[in-house]
Amino acid sequence: MKGFEELDKDELELPPYEREDGRAADELRTVAIEPGFIRSARGSVLIAMGNTRVICTASVDESVPGWMRAQNVPGGWLTAEYGMLPAATADRNRREVSAGKPGGRTMEIQRLIGRALRAVVDLEKLGRRQIYLDCDVIQADGGTRTASITGAYVALRLAVNHMRNTGLIKENPISEPLAAVSVGVVEKTPLLDLCYVEDSAAEVDMNVVMTASGKFIELQGTAEERPFSRDQLDAMLGLAEKGIGELLELQESVISASG
């Protein structure tokens, strides 16, 4: 994939670490993307990364938000919503509709998804319409926000292809592909694509969103126990770059096969 160079494991200086599922430190979980999962949506996928599964849909609304009309902002808009089914985790999650509003974590994640996708979309080329990206977690085992971004991009591409094929828009508004992945440090070992057990034990937890040209859209990194070094940061970014390169290739193969 353009913008990504093959990384040698020795260059990452990864100490040996035995993961629960037997993966190497620089190995993604098994990833599958099933397009057309929701027939009524303009674009949809079911993305599975290990035991994390998210339904991502792209719906088109032939209007723009009120604030855009009030401020005479040209073009269209793209926004995202994120949710988790009550049984997506071992302990039942309370439906947020019962509380009357989405929780802080939900708001943070859906804003992240929207920000990430808007970074590669020319909103003026959408015309006066809005695209909703809905990401619904049906099973959670770590990395739900990064899986949502990776799946939402494919759903968006499928929706844009449909809009172009039906004449709704003339130009492709998407500037380049993107994907996202989690990385972290567990027992002093940099790891790619953390499952829940690894994430809950991580000394450092980071989410990375990158484009196909190797540019960063978002870095969310936190030391849970003690500060981390520049060498650890470089190792995590190297792992993220490798994993995102593999995800981008899978995305493109799914989109190409979908016509």
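Residues numbered from 1 in each chain as written. Predicted model: local features only at pLDDT ≥ 70, side-chain atom pairs only at ≥ 80, totals over all residues. Heavy atoms only, no water.

Per the UniProt record, the feature "binding site: phosphate" (unreviewed entry) sits at R105, G143, T144 and R145. A maximum C-alpha distance of 13.5 Å places the annotated residues, which cover 41 residues in sequence, within one compact spot. For the largest pocket, the lining residues among the annotations just cited are R105. In this structure, G143 sits in the loop between β5 (130-139) and α5 (144-165). Ignoring sequence-local partners within four residues, the contact set of G143 consists of R29, T52 and L194. When residues no more than four places from it in sequence are discounted, the contact partners of T144 are T52, V54, Y82, M84, R105 and V137. (UniProt positions renumbered as here; feature names shortened; annotations may be inferred. 1 Å grid on protein atoms, 1.4 Å probe; cavity = no way out; pocket = protein on both sides within 12 Å on 5 of 7 lines; lining within 4 Å. Helix = DSSP H or I, 4+ residues; strand = E, 2+ residues; numbered from the N terminus. Contact = heavy atoms within 4.5 Å.)

Turning our eyes to something else, we now look at the nonpolar core. Core analysis: the biggest nonpolar cluster contains 63 residues, and I113, L117, L133, I149 and L156 have the highest contact counts within it. Ranked by residue count, the leading element in this core is α5, at eleven residues. Not counting residues within four places of it along the chain, the set of residues in contact with I113 comprises A80, Y82, C135, S148, I149 and A152. Listed in part, the five residues of the second largest apolar core include A25, V186, L194 and A202. (Core = buried A, V, L, I, M, F, W, Y, C linked by side-chain atoms within 4.5 Å. Buried < 20%, exposed > 50% of the residue type's maximum accessible area, 1.4 Å probe, protein only.)

Using the criterion set out here, one finds eleven salt bridges in the structure. As a salt-bridge pair, E198 and R19 come within 2.8 Å of each other at their nearest N and O atoms. Taken together, the residues span a long stretch of sequence, with E198 in helix α6 (residues 196-201) and R19 in the loop between α1 (9-12) and β1 (31-35) at a distance of 179 residues. For E198, a relative accessible area of 5% corresponds to the buried category. By relative accessible area, R19 is classed as buried at 3%. For the salt bridge of E108 with R145, the shortest nitrogen-to-oxygen distance reads 2.9 Å. Of the two residues, E108 sits in helix α4 (residues 104-118) while R145 sits in helix α5, which places them 37 residues apart along the sequence. By relative accessible area, which is 36% here, E108 ends up partly exposed. A residue is classified by how much of its surface remains accessible, and R145, at 13% relative accessible area, is buried. One network of salt bridges, with partners in common, ties together R19, D21, R23 and E198. (Salt bridge = Lys/Arg side-chain N within 4 Å of Asp/Glu carboxyl O.)

Turning next to the pairing of strand β3 (residues 52-61). Here seven bridges tie strand β2 (residues 43-49) to β3, and the two strands are oriented antiparallel to one another. The partner of S44 across the bridge, within β3, is T57. With antiparallel pairing between neighbouring strands as the criterion, β2 and β3 make up a hairpin whose turn holds two residues, including G50 at a positive phi of roughly 65°. Where β3 lies against β5, nine bridges are found, and the strand directions are antiparallel. By the bridge assignment for β5, A58 is matched with L133. (Pairing = 2+ DSSP bridges.)

The interhelical angle for the contact between α5 and helix α7 (residues 230-257), taken along N-to-C directions, is 30°, at an axis separation of 10 Å. Considering their axes alone, α5 and α7 lie roughly parallel with respect to each other. Read as a crossing pair, α5 and α7 show a hand that is right-handed. Here T150, Y153, V154, R157 and N161 of α5 lie close against α7, whose contacting residues are L247, Q251, E252, V254 and I255. In the contact of α5 with α7, the residues fall into five nonpolar, three polar and two charged. (Axes fitted to C-alpha atoms, helices over the stretch in contact; angles between N-to-C directions. Parallel < 35°, antiparallel > 145°, perpendicular 65-115°, else oblique. Left-handed = near helix turned anticlockwise from the far one by under 90°. Nonpolar A, V, L, I, M, F, W, Y, C, P; charged D, E, K, R; others polar.)

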